Amino acid sequence: MLSKLSLSSLGDFNEFVIETITDLRCIASRFTPTGVMSFAVITLFTLSQASAQNVDTPDYFRQNCMNCHTIGGGRLAGPDLKDLSTRQSDPEWLIRFMQNPRAVVESGDGYAAKRVDDTPGRAIMPTPPNMTRYRAEQLIKLIEEESAKEKSQFQGVRISNEPFTAKDVDEGRNIFVGRQKLANGGTACINCHDMHDLSALGGGHLGPDLTQVYSRLHTRKAISAWLMAPATENMQPIFKNHPLEADEIHALVAYFASTAKEPAANASVSRIAFLLSGLGLATALIFLADTLWKRRLHAVRKPLVEAGSRGKQQ
Ligand code: HEC
Ligand code: HEC
C-alpha cells in the first residue's frame, strides 16, 4: 500500500484503483468497522496525494506560481517571467533555483542577489511544493512557450490603480452577498465566508471571515493578485474555471478595504442565534406533536370510554 504512494503514470493509477477495490472487498468481508474506517482514510489521503502529483504543468503553474508571477502581465510579488531564458539561459541554474530558491540566494549567487534586490521588501521566493527536477524542466518549457505567445494564458488581469469610490464598495458588497452574479459563474462568497455586518445567521463558515482580509493580505496589489488566481485548496478548484473579472476584483477589494477597520463577525453570537432558531423550531415541533398526540389519544380513548360505559349499561 505505502509503496503505491508515489504513482507515476495513469496505468499505475488504474491498477492501484483496481487493487484498492479488491482490498476493500477483502476488508469488508471481514467486517471490522475500525478497519474499514482507517482504510477509507488512508485511501482518501493516497488519492489526494496522487492527484497533487498528477496535475499537469499549466495547472501546476496556475496553482503555485501565478499568485506571484505573470507571463507578460507585469510584476506581482515576483518578477514577470516573460522571456526568462534571455535573462537566465542556464536551465541547470533555473532547476536548482526552483527546487530551493533560498539555498541559491544564500550561496551568494550574483544573479539571485540581483533578483532579490529588485523585489520590494527583498522577499525570497518560497520553495514550491513537490518540485521535482522533471517538474522544473516542464515549467521552464512552459514559460518559454508562453513567452512566445502574444497573449499568454498567464498574463493575468490588469490590476487597476484607480482610487476606490463608494460605488465600487457597494458593488463589491453586492457581489459578496450574491445580489450581483459573478460574470463567469463563480459561487457567491457569502456561501463560504462571513462578514462583520451580516444578519444573525451570517455567511458560510467553510472559509475564514473576510472582514479583515484586507489587512491580513496587506496590500491592494497582493489581495487583487490573490483573487486573480486563488491558489488555496478550496478556492482554487472553484475559481479555476470561473475566474473573477478585473472589475469584480476591483469592487471586491474596494469592499474589503472598507470593512477592514471593523471587528470580525462574532461567530459565537451568530452560532447562538442559530441555536436559538433551532430551539424555536424544536419547541414548535414539540407543541405540534403534543397537540396531535393528544388528539390521537382522544380519538382512541373516546370510543373506548363510550364502549366501556355502554358495556356497564348492559
Ligand atoms: C510567494 C511568491 C512566489 C511564488 C508563489 C513563486 N515565486 Fe518565483 N519568485 C518570487 C520572487 C519574490 C522572486 C525574486 C526573488 C528571488 O529570487 O527569490 C522569484 C523569482 C523567480 C524566478 C527567477 C526570475 C528571474 O527573473 O530570473 C523564477 C524562474 C521563478 N521565480 C519561478 C517560479 C515558479 C516556476 C513558481 C511556481 C512553481 C514560482 N516562482 C512561485 C516569488 C514567488
Ligand atoms: C465554496 C466555498 C468558497 C467560496 C464560494 C468562496 N471561498 Fe474564499 N475561501 C474558501 C476557503 C475554504 C478558504 C480558506 C483557504 C482554502 O481552504 O482554500 C478561502 C479563502 C479565501 C481568502 C483568503 C483568506 C485569508 O485570510 O487568507 C480570500 C481572500 C477569499 N477566500 C475570498 C473569496 C471571495 C472574494 C469569494 C467570492 C468571490 C470567495 N472567497 C468564495 C472557500 C470559499
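Residues numbered from 1 in each chain as written. Chains lettered and ligands numbered in written order. Predicted model: local features only at pLDDT ≥ 70, side-chain atom pairs only at ≥ 80, totals over all residues.

### Quick word on the site of ligand 1
Thinking step 1. In the vicinity of ligand 1, 26 residues are found, and the nearest of them are C65, C68, G78, M125 and P128.
Thinking step 2. Secondary structure elements with two or more residues in the shell around ligand 1: α4 (84-87), α5 (91-99), α6 (101-106) and α7 (110-118).
Thinking step 3. Looking at which element gives the most residues to the shell around ligand 1, the answer is α7, with three residues.
Thinking step 4. Across the shell around ligand 1, the residue classes tally to 18 nonpolar, six polar and two charged. (Near = placed C-beta within 6 Å. Helix = DSSP H or I, 4+ residues; strand = E, 2+ residues; numbered from the N terminus. Nonpolar A, V, L, I, M, F, W, Y, C, P; charged D, E, K, R; others polar.)

### With respect to the site of ligand 2
Thinking step 1. Surveying the vicinity of ligand 2 reveals 21 residues, the closest of which are C189, C192, G207, T232 and N234.
Thinking step 2. In terms of residue class, the shell around ligand 2 is made up of twelve nonpolar, seven polar and two charged.

### Digging into the nonpolar core
Nonpolar side chains in soluble globular proteins tend to be buried together.
Thinking step 1. One finds F61, I223, L227, I249, L252 and F256 to be the most contacted residues of the largest nonpolar core, which totals 41 residues.
Thinking step 2. When contributions to this core are tallied by element, the ones reaching two or more residues are α3 (57-64), α5, α8 (133-148), α9 (166-177), α10 (213-216), α11 (220-228) and α13 (246-259).
Thinking step 3. Examining the composition of this core, we find that seven residues originate from one element, α13, more than from any other.
Thinking step 4. Looking at which domains feed residues into this core, each of domain 2 (59-148) and domain 3 (166-259) supplies at least three. (Core = buried A, V, L, I, M, F, W, Y, C linked by C-beta atoms within 7 Å. Buried ≥ 20, exposed ≤ 12 C-beta atoms within 10 Å, placed from the backbone. Domains from an automatic or database assignment.)

### Quick word on the environment of N130
Thinking step 1. Looking at where N130 falls in the secondary structure, it is placed in the loop between α7 and α8.
Thinking step 2. Under the C-beta neighbour-count criterion, N130 is labelled exposed, with 11 such atoms within 10 Å.
Thinking step 3. Through-space distance from the C-alpha of N130 to that of Q99 is 8.8 Å; in sequence the pair is 31 residues apart.

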